[in-house]
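Letter by letter, the chains look like this.
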Amino acid sequence: MSTSRRPSRDVIQMDSFKSSPASSIRKGNSFRNNSGDGSDDSTTYSRQEQQGGGSKYLHDDSDLSNDTDGQVGKGLQRNLEARHLTMISLGGTIGTGLFLASGSSIATAGPGYSQVAYSLIGSMVYCFMSSLGEMTTYLPITGSINAYGTRFFDPALGFMLGWVYWFSWSVTLATELVASSLIISYWVPTTQCPGWVWALVFIVVLTSLNLTSVKAYGETEYWLSLIKVLAVFVFVIVGFLYIGGAIGTRVPGEPKPGPEIFDIDPFHGGFVALFSIFLNAGFSFQGAELVGIAAGETKNPRKNVPRAIRQVFWRILMFYVLTILIIGMTIPYDDPDLANKDGSIESSPFTRVFLRAGISVGGDIMNAVILVAVLSAGNSGLYASSRALHTLSQEGNAPKFFGYVNRYGVPVYCVMATALVGCLAFIVSLPQIGQGQAYDWLLALASTTGFVAWLGIAFSHIRFRMAYKAQGRSLNDLPFVSKLYPFGPIYTIVICMIILLGQGYTAFAPFSIKMFLSAYVTLPFIAILYFGNKFWCKTKILKLVDVDLDTGRSFVEHDTEEEEGEKKQTWWRRFVNFLF
């Protein structure tokens, strides 16, 4: 069914994943706004009535996300609900960075500088999440990180961002496996069972989980993330009770828990130390952008994505600010249990707080919760990287077989390929490297590439707005408008560039080849990816008037069943939704 007019905004929504049986997918279809105001889209659509729900969908026949080249299955499926989307983003950021790297940050720069670092990174995260929210609600497509770079600027940029993002989350998966072996060593020393055994067990479990349907993944991640959130709340309560003197006893020879411990040396190491912990802070917040990745598989993304973005940021910021404050007021920065001189993490600062509070059983329970958190973050990493690889294949930037999707909507080969990269965790068994050093290397690599992905989001948003204005479209037609534009993306770009270029300057006094490579090894890799693809494929920077702003575009859908269900929720259910 052809249309020369934009459909009614209160009736239909473009569903870019469920293809109409009667429609075919036409590759290479170019979209051009003829009238200049966004009202005339030369697009062919077909309407499809959703069985059982009565909702109408607008299908874009030129959307390549449905194309599986005749393979089994019909492409990725929109089976994630709003609660799944919120918990996937929230759970992906509560893991190794919070439970393990936070202790290392305080030991390096003190609690004061740690608060500064996490707050600065947190404000930047809010800026790029606002940018990402504006784009994903308008164009809710899978693998949005690299897809937006391809569509709004240059296919070479999308190629680079896609492979960088895949590498970032693949390495993050490996760091979570390294962290799991460190946590297990709290109960079972490595002399009894080497760390690579646990890494092998966990990679098998995570791979099996991600080979199920996306709905099963979302439901599992929801409950795992809920355990982590509850654990953080319990930690905050126990921490304040310990600081107030209601539980636990003071450690002999240490100041009183609270401001006295915090003020021992809150800004330890000066500006050099502050810069050195930015990587830890950045790694801790990685995963917030999962909202954009999962939007392509979420029901009614136009409504659910803005809700998730508004809720997730403030919860994450609250968790990190409070936990860093409590750790800094209960454990001196120079405590050997926080982080030793070699940089290895003997045990989580969360566990140490429980032990200081006199809850010996709580230490074991918290260590188990941390293990769940680490596996959950690794699970999200495997999900995000597999979707990025799938999008690369759809764009022709990765082998074609990675585009295969089974009947459950799972990109099987992408999941398996990413799991193989997770085998990097096996380096924890090498005695010449050691567990702590291996973790530090992987942490640095994942954090650096993560900043590149965030920078790409901010730059894509600037190009999106420029193209949107150049084509004469009105901001009133955007489902979600970033109120921080243009400050937000510019601020994100500046912070990311400062960190990427300056975070390794400590390697020069005195010069350390190991520190230098750890800080800057990814930069030439990024340049090779972008310029190599640009010259090999002869890509060109897109003109603003030629930017495709229609393929995969979403329109308003009134899901009456969901809205009625929200209105009928009990008071305790609304309270739980407010918290989580």
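On a predicted model such as this, the values are computed, not experimentally measured, just so you know.

**Examining the overall build of the protein**
Link 1 in the chain: What the protein contains, in helices and strands, is 20 helices and 3 strands.
Link 2 in the chain: Each of the 580 residues in the protein was classed as buried or not, and the buried ones make up 59%.
Link 3 in the chain: Of the contacts made within the protein by residues no fewer than 6 positions apart, 82% connect residues no fewer than 24 positions apart.

**Observations concerning the packing of helix α6 (residues 214-243) against helix α13 (residues 360-394)**
Link 1 in the chain: It is the contact of α6 with α13, at a shortest axis distance of 9 Å, that shows an interaxial angle of 145°. Once α6 is placed against α13, the crossing between them reads as left-handed. Of α13, the residues touching α6 (which contributes V214, Y217, E221, L224, S225, I227, K228 and A231) are M366, V369, V372, A373, S376, A377, N379, S380, Y383 and R387.
Link 2 in the chain: A class-by-class count of the residues in the contact of α6 with α13 yields 11 nonpolar, 4 polar and 3 charged.

**Observations concerning the packing of aromatic side chains**
Link 1 in the chain: With the rule as written, the count across this model stands at 30 aromatic pairs.
Link 2 in the chain: Between the aromatic rings of Y118 and Y320, the centroid separation amounts to 5.8 Å while the plane-to-plane angle is 25°, which identifies the pairing as stacked. Pair noted here: Y118 is in helix α2 (residues 96-138) and Y320 is in helix α11 (residues 301-330), with a separation of 202 residues, a long-range link.
Link 3 in the chain: Residue classification places Y118 among the buried residues on the basis of a relative accessible area of 2%.
Link 4 in the chain: Given the relative accessible area of 1%, Y320 is considered buried.
Link 5 in the chain: Seen in terms of ring centroids, F516 and Y520 are 5.3 Å apart; in terms of plane orientation they differ by 50°. Their pairing is tilted. With F516 and Y520 both in helix α17 (residues 513-520) and 4 residues apart, this pair spans about one turn of that helix.

**Quick notes on unusual backbone geometry**
Link 1 in the chain: Between Y485 and P486 the backbone carries a cis peptide bond, its omega angle lying at 5°.
Link 2 in the chain: Of note, K538 is a non-glycine position whose phi angle comes to about 55°, a positive value.
Link 3 in the chain: Its place among the elements puts K538 in the loop between α18 (522-537) and α19 (560-567).

**As for the environment of P336**
Link 1 in the chain: Counting through the fold element by element, P336 comes out in the loop between α11 and α12 (349-356).
Link 2 in the chain: Take P336: its relative accessible area is 57%, and that puts it in the exposed class.
Link 3 in the chain: Once the C-alpha coordinates of P336 and A107 are considered, the two residues, 229 residues apart in sequence, prove to be 8.7 Å apart.

**Thoughts on the nonpolar core**
Link 1 in the chain: If you look at the biggest cluster of nonpolar residues, it comprises 134 residues, and the most contacted ones within it are F99, I121, M160, Y165, L389, F451 and W454.
Link 2 in the chain: The element that contributes the greatest number of residues to this core is α2, accounting for 17 residues.
Link 3 in the chain: When residues no more than four places from it in sequence are discounted, the contact partners of F451 are I121, M124, F278, L279, G282, C496, I499 and L500.

**Some words on the confidence of the model for the protein**
Link 1 in the chain: Residue-level pLDDT values for the protein average 76, and 76% of them are 70 or greater.
Link 2 in the chain: Under a pLDDT of 50 for its full length, residues 340-345 has, in the predicted model, 9 contacts with residues more than four places off or in other chains.
Link 3 in the chain: Confidence over residues 556-564 falls short of pLDDT 50; this stretch has 21 contacts with residues more than four positions distant or in other chains.

**Re the pattern of salt bridges**
Link 1 in the chain: Following the criterion strictly, the structure yields 7 salt bridges and no others.
Link 2 in the chain: With a shortest N-O distance of 2.6 Å, R465 and E134 are connected by a salt bridge. Remark: E134 occurs in helix α2 and R465 occurs in helix α15 (residues 435-470); sequence separation between them is 331 residues.
Link 3 in the chain: The closest approach of N and O atoms between D335 and R356, which form a salt bridge, is 2.4 Å. One end of the pair, D335, is in the loop between α11 and α12; the other, R356, is in helix α12, with 21 residues separating them in the sequence. Exposure class is identical for D335 and R356. Each is buried.
Link 4 in the chain: Residues joined by salt bridges that share partners form a network here, namely E254, D335 and R356.

**Examining α18**
Link 1 in the chain: Along its 16 residues, α18 runs 22 Å from first to last C-alpha, staying within 8% of the 22 Å computed at 1.5 Å per residue.
Link 2 in the chain: Here α18 has its buried residues at T522, I526, L529, Y530, N533 and K534. The buried residues of α18 occupy an angular sector of 110° when the element is viewed end-on, so they sit on one face. Exposed side of α18, more than 90 degrees from the buried face: I528, F535 and W536 are the residues found there.

**Considering a nonpolar patch on the surface**
Link 1 in the chain: A surface patch of nonpolar side chains, amounting to about 470 Å² of accessible area, comprises F508, F511, I513, L517 and V521.
Link 2 in the chain: Along the chain, the position of F511 falls in the loop between α16 (487-502) and α17.

**Quick notes on the environment of V452**
Link 1 in the chain: Following the sequence through the fold, V452 ends up in helix α15.
Link 2 in the chain: Take V452: its relative accessible area is 7%, and that puts it in the buried class.
Link 3 in the chain: Note: C-alpha distance between V452 and L523 (71 residues apart in sequence) is 9.2 Å.

**A look at the side chain of E221**
Link 1 in the chain: Tracing the chain through its elements places E221 in helix α6.
Link 2 in the chain: Here E221 is buried and forms no salt bridge, its nearest opposite-charge partner K228 lying at an N-O distance of 4.4 Å.
Link 3 in the chain: A polar contact of 2.3 Å, which involves the side chain of E221, links it to the side chain of S376.
Link 4 in the chain: Reaching out from E221, the side chain makes a polar contact with the side chain of N379 at a distance of 3.0 Å.

The rules behind these values
- Residues numbered from 1 in each chain as written.
- Predicted model: local features only at pLDDT ≥ 70, side-chain atom pairs only at ≥ 80, totals over all residues.
- Heavy atoms only, no water.
- Helix = DSSP H or I, 4+ residues; strand = E, 2+ residues; numbered from the N terminus.
- Buried < 20%, exposed > 50% of the residue type's maximum accessible area, 1.4 Å probe, protein only.
- Contact = heavy atoms within 4.5 Å.
- Axes fitted to C-alpha atoms, helices over the stretch in contact; angles between N-to-C directions.
- Left-handed = near helix turned anticlockwise from the far one by under 90°.
- Nonpolar A, V, L, I, M, F, W, Y, C, P; charged D, E, K, R; others polar.
- Phe/Tyr/Trp six-rings, centres within 6.5 Å; stacked < 30°, edge-to-face > 60°.
- Core = buried A, V, L, I, M, F, W, Y, C linked by side-chain atoms within 4.5 Å.
- pLDDT = per-residue confidence, 0-100.
- Salt bridge = Lys/Arg side-chain N within 4 Å of Asp/Glu carboxyl O.
- Expected span 1.5 Å × (residues − 1).
- Arc of directions from axis to C-beta.
- Patch = residues over 30% accessible without salt bridge, like charges linked within 9 Å, V, L, I, M, F, W, Y side chains within 5 Å.
- Areas by Shrake-Rupley, 256 points an atom, 1.4 Å probe, with all protein chains shown as cover.
- Lys, Arg positive; Asp, Glu negative; His and termini not counted.
- Polar contact = N/O pair within 3.5 Å; in protein donor to acceptor, adjacent residues only side chain to side chain.

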